Amino acid sequence: MRSTEKVIIRDACVDDIEELTLLMTDLGYPASVAEMQTRFKNIFAHPDYRTIIAVIGDEIVGMSGLCKGLYYEKNGLYLRILVFVVKKNRRELGIGRILIKASEDWATEQGLNTVLINSGNRDERKAAHAFYQKMGYAVKSSGFVKEL
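None of these values were measured; they are calculated from a predicted model.

Draft legend 1. The pattern of salt bridges, seen in detail. What the rule picks out here adds up to 5 salt bridges. One salt bridge connects Arg10 with Asp16, and the closest N-O pair in it is separated by 2.9 Å. Overall, the relative accessible area of 31% leaves Arg10 in the partly exposed class. Close ionic contact of Arg90 with Glu59 constitutes a salt bridge, the shortest N to O distance being 2.7 Å. Taken together, the residues Arg90 in the loop between β4 (77-86) and α3 (95-109) and Glu59 in strand β3 (residues 59-70) connect sequence positions 31 residues apart. A single salt-bridge network, built from bridges that share partners, covers Glu59, Lys87 and Arg90.

Draft legend 2. Structural context of the sheet that holds strand β2 (residues 49-56). An order of β1-β2-β3-β4-β5 is seen for the 5 strands of this open sheet, with the pairing classed as mixed. The strands lining the two open edges of the sheet, one partner per strand, are β1 (7-11) and β5 (115-117). Geometrically, the sheet is characterised by an average inter-axis angle of 25° between neighbouring strands, direction not taken into account. In this structure, β4 lies alongside β5, joined through 3 bridges in parallel fashion. Bridge pairing links Arg80 to Leu116 in β5. Taken strand by strand, α3 contacts β1, β2, β3, β4 and β5, and its axis lies near 160° from that of β4.

Draft legend 3. Summary view of the side chain of Asp16. For Asp16, the position within the fold is in the loop between β1 and α1 (17-27). On the accessibility criterion, Asp16 (5% relative accessible area) is buried. At 2.8 Å, the side chain of Asp16 and the backbone nitrogen of Cys13 are in polar contact. Setting aside residues no more than four positions away along its own chain, Asp16 makes contact with Arg10, Asp11, Ile53 and Ile60.

Draft legend 4. Representation of the packing of α3 against helix α4 (residues 126-134) in the model. Following both chains from N to C, one finds α3 and α4 inclined at 55°, their axes separated by 11 Å at the closest point. In terms of their interaxial angle, α3 and α4 are classed as oblique. Viewed along their axes, α3 and α4 form a crossing whose handedness is right-handed. Each of Gly96, Arg97 and Ile100 in α3 lies in contact with α4, whose residues at this interface are Phe131, Tyr132 and Lys134. Residue composition of the contact of α3 with α4, by class: 3 nonpolar, 1 polar and 2 charged.

Draft legend 5. Just the packing of aromatic side chains, in detail. For the structure shown, the criterion picks out 3 aromatic pairs. Where Tyr71 meets Tyr78, the ring centres are 4.9 Å apart and the plane angle is 55°; that geometry is what we call tilted. Exposure remark for Tyr78: the relative accessible area of 15% places this residue in the buried category. Looking at Lys74, its charged tip hangs above the ring of Tyr71, at a distance of 4.7 Å from the centre.

Draft legend 6. Spatial organisation of a nonpolar patch on the surface. On the surface, a nonpolar cluster with roughly 210 Å² of combined accessible area is contributed by Ile43, Tyr49 and Leu82. Mapped onto the elements of the fold, Leu82 is located in strand β4. On the accessibility criterion, Leu82 (32% relative accessible area) is partly exposed.

The rules we used
Residues numbered from 1 in each chain as written. Predicted model: local features only at pLDDT ≥ 70, side-chain atom pairs only at ≥ 80, totals over all residues. Heavy atoms only, no water. Salt bridge = Lys/Arg side-chain N within 4 Å of Asp/Glu carboxyl O. Buried < 20%, exposed > 50% of the residue type's maximum accessible area, 1.4 Å probe, protein only. Helix = DSSP H or I, 4+ residues; strand = E, 2+ residues; numbered from the N terminus. Pairing = 2+ DSSP bridges. Axes fitted to C-alpha atoms, helices over the stretch in contact; angles between N-to-C directions. Contact = heavy atoms within 4.5 Å. Polar contact = N/O pair within 3.5 Å; in protein donor to acceptor, adjacent residues only side chain to side chain. Parallel < 35°, antiparallel > 145°, perpendicular 65-115°, else oblique. Left-handed = near helix turned anticlockwise from the far one by under 90°. Nonpolar A, V, L, I, M, F, W, Y, C, P; charged D, E, K, R; others polar. Phe/Tyr/Trp six-rings, centres within 6.5 Å; stacked < 30°, edge-to-face > 60°. Lys NZ or Arg CZ within 6 Å of the ring centre and 35° of its normal. Patch = residues over 30% accessible without salt bridge, like charges linked within 9 Å, V, L, I, M, F, W, Y side chains within 5 Å. Areas by Shrake-Rupley, 256 points an atom, 1.4 Å probe, with all protein chains shown as cover.

Here it is in C-alpha cells:
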C-alpha cells in the first residue's frame, strides 16, 4: 500500500458478491458466485450479522464477517469474527489492522465487550495466528467439528 492509498471501511452489499467470492477463495474456502449470493442474502437479512469490507480505490482488499452472540456461561454479549481475510497480494500492509479495529469499534458501538475470532489450526494459518496475537488476542480454546 502506498502512503497515498486510503483504506475505506464500509458495509458489503450485493454488488460486492464477486469480490467476496474471490476473498473466500483466498481464505481457503472456494465458492461459486451463486453460492456466495445465497450465503450473503441469508447473512445480510439476519440482524445479528454484519459484513464489512476494506476498499482501496475501487478494489475490495479485505473483509470481516461479524456476528453478535449471547453467552450461555455468563452475562453479556460478544462479537464473533467468523471470517477475516485480506487479499493475498495486499497482506502485511496494515489493512488487517484497520479491518480488525473497525470490527472492534462496531462491537463497542453495539455494547459488546469481548471479541472472539475463529481460525483453523492448519499450517497456512500460522501467520494469521501471529497477527491475531500481535493485535492483543489470546489463544483461549480448541474447537471441534463433526460433519453430519
